[in-house]
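# Structural features, examined
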Amino acid sequence: RAFSSQKSLLSALKLAPELIVLSNLYTVMFSTSLRLLIAAAVIIFFCGLNSGLLAFLGISLCLMLLGCGLGFILAPFSTIIGDVRFFVRIVTRLGMFLSSVIFPLPKGTLLFDILRTLNPAAVLIENARSFAVSGVALDSPVFLAIYLLASIGIFLVGWYVVHVTLPIVGDQ
């Protein structure tokens, strides 16, 4: 949305499209770091200082990179088709219930076990919550490592997509 709203500025000043993307990325990083500092202060106040707090902050950073990477991948489509943001809004609201943002997924049910294992957001969120409160990981450290690396990979792929496609879309 930021790129499409700044399209006239980019064409008039001949700025690189990455500047607009970097500006929005820094805004997201700043607001996320403030929220994480508040969350860390609350965790320290209620649960005490434990070794999992750094892991909580690292997993939260990877969650932010995952979201930004998916946003980068969808950015060219959003500039061409305006309804992409409505689709993303609907999918994220549904995804909140399937990724244990509001409540932990119940264990012991085959469907929820498959959802928990295959949904990268669920694995990252549940492990971040577990690290923050108790300082230990849940029962899926292999999937946690895979999804942490995948979130960094998705961010890098998304940045490449933005780098390659937005100058082409911006000229049109």
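The text that follows walks through the structure, step by step, so that each part is easy to find. All values reported here derive from a predicted model rather than from experimental measurement.

So, how was this worked out
Residues numbered from 1 in each chain as written. Predicted model: local features only at pLDDT ≥ 70, side-chain atom pairs only at ≥ 80, totals over all residues. Heavy atoms only, no water. 1 Å grid on protein atoms, 1.4 Å probe; cavity = no way out; pocket = protein on both sides within 12 Å on 5 of 7 lines; lining within 4 Å. Points joined across faces, edges and corners; volume = space filled by probe spheres on them. Helix = DSSP H or I, 4+ residues; strand = E, 2+ residues; numbered from the N terminus. Nonpolar A, V, L, I, M, F, W, Y, C, P; charged D, E, K, R; others polar. Core = buried A, V, L, I, M, F, W, Y, C linked by side-chain atoms within 4.5 Å. Buried < 20%, exposed > 50% of the residue type's maximum accessible area, 1.4 Å probe, protein only. Patch = residues over 30% accessible without salt bridge, like charges linked within 9 Å, V, L, I, M, F, W, Y side chains within 5 Å. Areas by Shrake-Rupley, 256 points an atom, 1.4 Å probe, with all protein chains shown as cover. Salt bridge = Lys/Arg side-chain N within 4 Å of Asp/Glu carboxyl O. Axes fitted to C-alpha atoms, helices over the stretch in contact; angles between N-to-C directions. Parallel < 35°, antiparallel > 145°, perpendicular 65-115°, else oblique. Contact = heavy atoms within 4.5 Å. Phe/Tyr/Trp six-rings, centres within 6.5 Å; stacked < 30°, edge-to-face > 60°. Left-handed = near helix turned anticlockwise from the far one by under 90°.

### Overview of the layout of surface pockets
When its volume is computed, the largest pocket comes out at roughly 2,000 Å³. Gly67, Cys68, Gly71, Val88 and Thr92 are the residues nearest the centre of the largest pocket, which is lined by 47 residues in total. Of all the secondary-structure elements, those providing two or more residues to the lining of the largest pocket are α1 (2-5), α3 (17-47), α4 (52-80), α5 (84-98), α7 (120-133) and α8 (141-171). Ranked by the residues each element gives to the lining of the largest pocket, the list is headed by α4, at 14 residues. Residues of the lining of the largest pocket, tallied by class, amount to 30 nonpolar, 12 polar and five charged.

### A few points about the nonpolar core
As a rule of thumb, soluble globular proteins bury nonpolar side chains together. Judged by nonpolar contacts, the single largest core of 14 residues is most densely connected at Ile43, Leu53, Phe56, Ile59, Leu124, Phe131 and Leu144. Listed by contribution, the elements that provide at least two residues to this core are α3, α4, α7 and α8. Per-element tally for this core: the top contributor is α7, with five residues. Of all hydrophobic cores here, the second largest spans nine residues; its members include Leu25, Met64, Val162 and Leu166.

### A look at a nonpolar patch on the surface
Taken together, Leu94, Met96, Phe97, Leu98, Ile102 and Phe103 make up a surface patch of nonpolar side chains, about 550 Å² in accessible area. In this structure, phenylalanine 97 sits in helix α5. Residue phenylalanine 97 is classed as partly exposed on the basis of its relative accessible area, which comes to 46%.

### Some details on the packing of helix α6 (residues 110-118) against α7
It is at 5 Å that the axes of α6 and α7 come closest, and there the two elements cross at 85 degrees. As summarised for this structure, α6 and α7 are arranged roughly perpendicular, according to the angle between their axes. Only Pro120, Ala122, Val123 and Glu126 of α7 make contact with α6, whose side of the interface consists of Leu115, Arg116, Thr117 and Leu118. In the contact of α6 with α7, the residues fall into five nonpolar, one polar and two charged.

### Focus on the packing of aromatic side chains
Taken as a whole, this structure holds three aromatic pairs when the rule is applied. Ring centres 5.6 Å apart and planes at 40 degrees place the aromatic pair phenylalanine 72 and phenylalanine 155 in the tilted group. Here phenylalanine 72, found in helix α4, pairs with phenylalanine 155, found in helix α8; they are 83 residues apart in sequence, far enough to count as distant. With relative accessibility at 9%, the residue phenylalanine 72 sits in the buried group.

### Side note on the environment of serine 51
Tracing the backbone through its elements, the reader meets serine 51 in the loop between α3 and α4. Assessed through its relative accessible area of 66%, serine 51 is described here as exposed. On a C-alpha basis, the gap between serine 51 and phenylalanine 131 in space is 8.1 Å, while along the polypeptide they are 80 residues apart.

### So, the environment of valine 133
Mapping valine 133 onto the fold places it in helix α7. In this structure valine 133 comes out as exposed when scored by relative accessible area, which is 52%. Setting aside residues up to four positions removed in sequence, valine 133 forms contacts with Cys47 and Asn50.

### Regarding the packing of α4 against α7
Between α4 and α7, whose axes approach to 8 Å, the crossing angle comes to 160 degrees. Classed by the angle they form, the pair α4 and α7 counts as roughly antiparallel. Regarding α4 and α7, the two cross each other, and that crossing is left-handed. Between α4 and α7, the contacting residues are Gly52, Leu53, Ala55, Phe56, Ile59, Leu63 and Leu66 on the first element and Leu124, Ile125, Asn127, Ala128, Phe131 and Ala132 on the second. Its residues assigned to classes, the contact of α4 with α7 comprises 11 nonpolar, two polar and no charged.

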